[in-house]
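# Chain and residue survey
What follows is each chain in one-letter form.
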Amino acid sequence: MRRISRTSRSGSTSAGVARQYTGTSGKIDNCQIGVFAAYATGHGRALVDRELYLPKSWTKDRERCREAKIPDERTFATKGELARGLVLRCLAAGLPAAWVTAGEAYGENWSFRHLLERLDVGYVVAVPKSQQIKSLAGIWRIDQLIEEAPDDAWQRLSCGDGAKGPRVYDWAAAKLPANIILDPDPPTHHRWVMARRSLSDPSQLAYYLAYAPVGVEIGELARVAGSRWAIEECF
């Protein structure tokens, strides 16, 4: 399983350094941003690939890029585009992967999710509460759909072991209708909306979109969602 993430580093002349938002500090800092891929199995985990994010302020200044030893052919790419490149390189190298997990910055990117679907790779990706869910019946925000879930839709499940034992949350999930344009008939995979709710503070929710083979149960989706912490453990 792969998870895409970012990290930061302060500096004034390092390649790609700029005032930009970093999840490491949760604010705008003078930093570098990297996109990383970690591979995780039941036997362990390791960082397997990375890309440096270059803001437009850098890619538009070729002289500054040359001074920092950045090749002339390196042009601007969004973090989502860098993440897609990491996935393609890992699969082309023969790395076996049944699932991909990623944070909100990548999960909300339709192109990133669509690439995984075309590759027949399952995913459980975090999305913001404002994520729109579209169907022939209309458009809803994911938090609105979860709010309508009945009490018995929630299941108490562990999404993996942490430093203090099992990470247990309440989970709710629902299958979305098949896409009659993109999906085969009968479908081989289902798309899901999911939510994770804190036991100690039920107002704390995290939201996910998933794409999973037919027959997968919610417990497996929760386990995949929890594997996203592998990259922090690698760091």
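Refer to the preceding data block for the structure.
Residues numbered from 1 in each chain as written. Predicted model: local features only at pLDDT ≥ 70, side-chain atom pairs only at ≥ 80, totals over all residues. Heavy atoms only, no water.

## A few points about a nonpolar patch on the surface
Where nonpolar side chains cluster on the molecular surface, the patch consists of Trp110, Leu136, Ile180, Ile181 and Leu182 and spans about 690 Å² of accessible area. The residue Leu136 is located in the loop between strand S8 (132-135) and strand S9 (138-141) in this model. On the accessibility criterion, Leu136 (84% relative accessible area) is exposed. (Patch = residues over 30% accessible without salt bridge, like charges linked within 9 Å, V, L, I, M, F, W, Y side chains within 5 Å. Areas by Shrake-Rupley, 256 points an atom, 1.4 Å probe, with all protein chains shown as cover. Salt bridge = Lys/Arg side-chain N within 4 Å of Asp/Glu carboxyl O. Helix = DSSP H or I, 4+ residues; strand = E, 2+ residues; numbered from the N terminus. Buried < 20%, exposed > 50% of the residue type's maximum accessible area, 1.4 Å probe, protein only.)

## Looking at the pairing of S9
Here S8 pairs with S9 via four bridges, running antiparallel. Considered in S9, the bridge of Lys134 is made with Ile139. Counting the residues between successive antiparallel strands, the hairpin from S8 to S9 contains two residues. (Pairing = 2+ DSSP bridges.)

## A few points about the packing of helix H3 (residues 79-92) against helix H5 (residues 110-118)
Contact geometry for H3 and H5: axes closest at 9 Å, N-to-C directions at 15°. Taken as axis vectors, H3 and H5 run roughly parallel relative to one another. Where H3 crosses over H5, the handedness of that crossing is right-handed. Contacts between H3 and H5 involve Ala83, Arg84, Val87 and Leu88 from the former and Ser111, Phe112, Leu115 and Leu116 from the latter. Looking at side-chain class alone, the contact of H3 with H5 contains six nonpolar, one polar and one charged residues. (Axes fitted to C-alpha atoms, helices over the stretch in contact; angles between N-to-C directions. Parallel < 35°, antiparallel > 145°, perpendicular 65-115°, else oblique. Left-handed = near helix turned anticlockwise from the far one by under 90°. Contact = heavy atoms within 4.5 Å. Nonpolar A, V, L, I, M, F, W, Y, C, P; charged D, E, K, R; others polar.)

## Quick notes on the nonpolar core
In this structure, Phe112, Ile142 and Leu209 are the most contacted members of the largest nonpolar core, which totals 29 residues. Of all elements in the fold, only strand S4 (33-41), H3, strand S6 (99-102), H5, strand S7 (122-127), helix H6 (142-147), strand S12 (189-197) and strand S13 (205-213) reach the threshold of two or more residues within this core. Examining the composition of this core, we find that four residues originate from one element, H3, more than from any other. (Core = buried A, V, L, I, M, F, W, Y, C linked by side-chain atoms within 4.5 Å.)

## Focus on the packing of aromatic side chains
All told, the structure shown has six aromatic pairs when counted by the stated rule. Summarising the aromatic geometry, the rings of Phe36 and Phe235 are spaced 5.0 Å apart at their centres and angled 90° between planes, so their arrangement reads as edge-to-face. With Phe36 in strand S4 and Phe235 in the segment after helix H8 (230-234), this residue pair connects regions lying 199 residues apart in the sequence. The buried category is assigned to Phe36, whose relative accessible area is 17%. Relative accessible area serves as the criterion here: at 47%, Phe235 is assigned to the partly exposed category. The ring centre of Phe76 lies 5.1 Å from the NZ or CZ of Lys56, which sits over that ring. The ring of Trp154 has Arg197 sitting right over it, with the charged end atom 4.1 Å from the ring centre. (Phe/Tyr/Trp six-rings, centres within 6.5 Å; stacked < 30°, edge-to-face > 60°. Lys NZ or Arg CZ within 6 Å of the ring centre and 35° of its normal.)

Geometry only, nothing functional implied.
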